[in-house]
Amino acid sequence: MSKWFKIPPGDPYFCVVGSPIAHSKSPDIHLAFGRQCGIALRYERVEIPADCFASAVTEFVAAGGRGMSITVPLKEEAFRALSIHRPRAALTGAANMMTVTPNGTTIGDNADGTGLVRDLVDNHGLNLGGRRVLLLGAGGAARGVIPSLLEARPSALIVANRTIQKADYLVRRFHDLGSLQAFNYRYVPDGPYDLIVNATSLSLSSEIPPLSSAAVGAETCCYDMMYTADGHTRFLDWCRDNGAAACYDGLGMLVEQAANSFALWHGVEPDTGPIIKGLR
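If you're wondering where the values come from, they're calculated on a predicted model, not measured in any experiment.

Points about the pairing of strand β6 (residues 106–109)
Across the two faces of β6 the burial is the same, with Thr106 and Gly108 and Ile107 and Asp109 all buried. The pairing of strand β4 (residues 84–85) with β6 spans two bridges and is parallel. When the sheet's bridge partners are listed, isoleucine 84 is paired in β6 with isoleucine 107. Sheet analysis places strand β5 (residues 97–100) next to β6, joined by four bridges and oriented antiparallel. Looking at β6, one finds that methionine 98 is bridged to glycine 108. Count of turn residues in the β5/β6 antiparallel hairpin: five residues, of which glycine 104 carries a positive phi of about 90 degrees.

A short note on the pairing of β5
In regular strands, side chains alternate between the two faces of the sheet. Where burial is concerned, the two faces of β5 agree: the one with Met97 and Thr99 and the one with Met98 and Val100 are both buried. Note: strand β3 (residues 67–70) against β5, three bridges, orientation antiparallel. Residue pairing in the sheet places methionine 68 in a bridge with methionine 98 of β5.

Brief notes about the sheet that holds strand β1 (residues 13–18)
One open sheet holds the six strands; their spatial order is β2-β1-β3-β5-β6-β4, and the pairing between them is mixed. Each of the sheet's edge strands pairs with one partner strand only, and the pair in question is β2 (42–47) and β4. Relative to β2, helix α1 (residues 26–37) is tilted by about 170 degrees, and along the sheet it contacts β1, β2 and β3.

Structural notes on unusual backbone geometry
A cis amide bond, omega 5 degrees, links valine 72 with the succeeding residue proline 73. By secondary structure assignment, the location of proline 73 is in the loop between β3 and α3 (75–81). For the bond from glycine 191 to proline 192, the omega torsion is 5 degrees, close enough to zero to count as cis. The phi angle at aspartate 51 is positive, at roughly 70 degrees, despite the residue not being glycine.

As for the environment of proline 87
Within the secondary structure layout, proline 87 lies in helix α4 (residues 87–92). Its relative accessible area of 66% is what places proline 87 among the exposed residues. For proline 87 and aspartate 109, which are 22 residues apart along the polypeptide, the C-alpha to C-alpha distance reads 7.4 Å.

Focus on the nonpolar core
Formed by 28 residues in total, the largest nonpolar core has its most connected members in Leu116, Leu135 and Ile146. Counting residues per element, the ones that place at least two in this core are α5 (112–123), β7 (132–136), α6 (140–151), β8 (156–161), α7 (164–174), β9 (180–184), β10 (195–198) and β11 (221–224). Per-element accounting of this core gives the leading share, six residues, to α6. Setting aside residues no more than four positions away along its own chain, isoleucine 146 makes contact with Leu135, Leu157, Val159, Leu170, Phe174 and Leu180. Residues Trp4, Val17, Phe60 and Ala89 belong to the second largest nonpolar core, which totals 23 residues.

Considerations on the packing of aromatic side chains
Two measures describe an aromatic ring pair: the distance that separates the ring centres and the angle between the ring planes. With the rule as written, the count across this model stands at five aromatic pairs. Between tyrosine 13 and phenylalanine 60, the aromatic rings sit 6.1 Å apart at their centres with planes inclined by 50 degrees, giving tilted as the arrangement. Of this pair, tyrosine 13 sits in strand β1 while phenylalanine 60 sits in helix α2 (residues 53–63), placing them 47 residues apart in sequence. Each member of the pair, tyrosine 13 together with phenylalanine 60, is buried. Where phenylalanine 235 meets tryptophan 238, the ring centres are 6.3 Å apart and the plane angle is 25 degrees; that geometry is what we call stacked. One end of the pair is phenylalanine 235 and the other is tryptophan 238, both in helix α8 (residues 234–241) and three residues apart, which spans about a single turn. Residue phenylalanine 235 shares its accessibility class with tryptophan 238, and that shared class is buried. An aromatic cluster is built from Phe5, Tyr13 and Phe60, whose rings are joined through pairwise contacts. A cation over a ring is seen here: arginine 132 above tyrosine 193, with NZ or CZ 4.3 Å from the ring centre.

Topic: the environment of glutamate 269
You can see glutamate 269 is positioned in the loop between α9 (251–266) and α10 (272–279). For glutamate 269, a relative accessible area of 49% corresponds to the partly exposed category. In sequence terms glutamate 269 and phenylalanine 33 are 236 residues apart; their C-alpha atoms lie 9.0 Å from each other. Contacts of glutamate 269, omitting those with residues within four sequence positions, involve Arg118, Ala259 and Ala263.

Cut-offs used in this document
- Residues numbered from 1 in each chain as written.
- Predicted model: local features only at pLDDT ≥ 70, side-chain atom pairs only at ≥ 80, totals over all residues.
- Heavy atoms only, no water.
- Buried < 20%, exposed > 50% of the residue type's maximum accessible area, 1.4 Å probe, protein only.
- Helix = DSSP H or I, 4+ residues; strand = E, 2+ residues; numbered from the N terminus.
- Pairing = 2+ DSSP bridges.
- Contact = heavy atoms within 4.5 Å.
- Axes fitted to C-alpha atoms, helices over the stretch in contact; angles between N-to-C directions.
- Core = buried A, V, L, I, M, F, W, Y, C linked by side-chain atoms within 4.5 Å.
- Phe/Tyr/Trp six-rings, centres within 6.5 Å; stacked < 30°, edge-to-face > 60°.
- Lys NZ or Arg CZ within 6 Å of the ring centre and 35° of its normal.

Laid out in structure tokens, this is it:
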């Protein structure tokens with residue numbers, strides 16, 4: 001008997017999995033892409049708690065699912081469970097999307113970094129080259145974006161985390177890609193930074209990382225990978241209170257990485273601008 005998925009015959013079936021998942025806008029985005037591109041599909045939210053991904057994906061494949069978006073806390077767990085990894089997933093050790101081939105093979109990829117950089121550069125007009133960047137958090141979300149951030153050639157990329165061992169691991173993993181340093185929040189080098197990216201999930205519980213306000217200056221851009229209907233998160237409100245020049249939530253990143261997934265699944269690159277505007 002099906003535990004996670006009930007997929008009757010019909011249009012190709014896709015979903016987003018994670019926990020919590022009720023807040024996810026991924027179904028709205030992918031269905032809007034489908035309407036824009038004239039492609040029929042189904043796309044749903046499915047709550048999958050930690051340590052359940054392997055059994056869930058086996059059931060998904062058996063039920064005829066075609067593709068899956070993967071969010072917290074399952075990105076690293078998904079990487080371990082999937083059969084084949086595209087280069088971006090292999091590099092990061094985390095998967096935020098899965099494709100099922102006609103013979104049932106599961107392929108993991110990671111478009112988080114692509115989505116973040118596209119949003120920062122294309123939608124918000126930021127130039128990351130030669131800039132000081134502070135990345136908060138050292139989990140799967142941070143791991144997924146570090147290669148893309150380093151590819152943009154910042155002058156420095158600093159990872160801050162409560163547990164220095166996890167941040168140090170990321171430095172060792174990606175040291176060949178560019179300049180990367182790790183610190184406990186208490187010892188983060190003096191700011192202000194040009195860009196601060198919150199890759200923690202603390203905004204889901206209306207908390208903020210224990211970061212000194214000295215990291216934020218009058219020209220600092222702050223970005224939260226979490227998103228809300230009005231663009232306000234607890235972290236971004238804290239940044240505004242401390243004088244940040246600009247604050248952006250992760251809605252654009254979500255749409256941009258979804259566009260990358262959609263293109264891989266359907267062979268068509270959607271126009272993200274109208275979708276971001278519509279979701280706001």
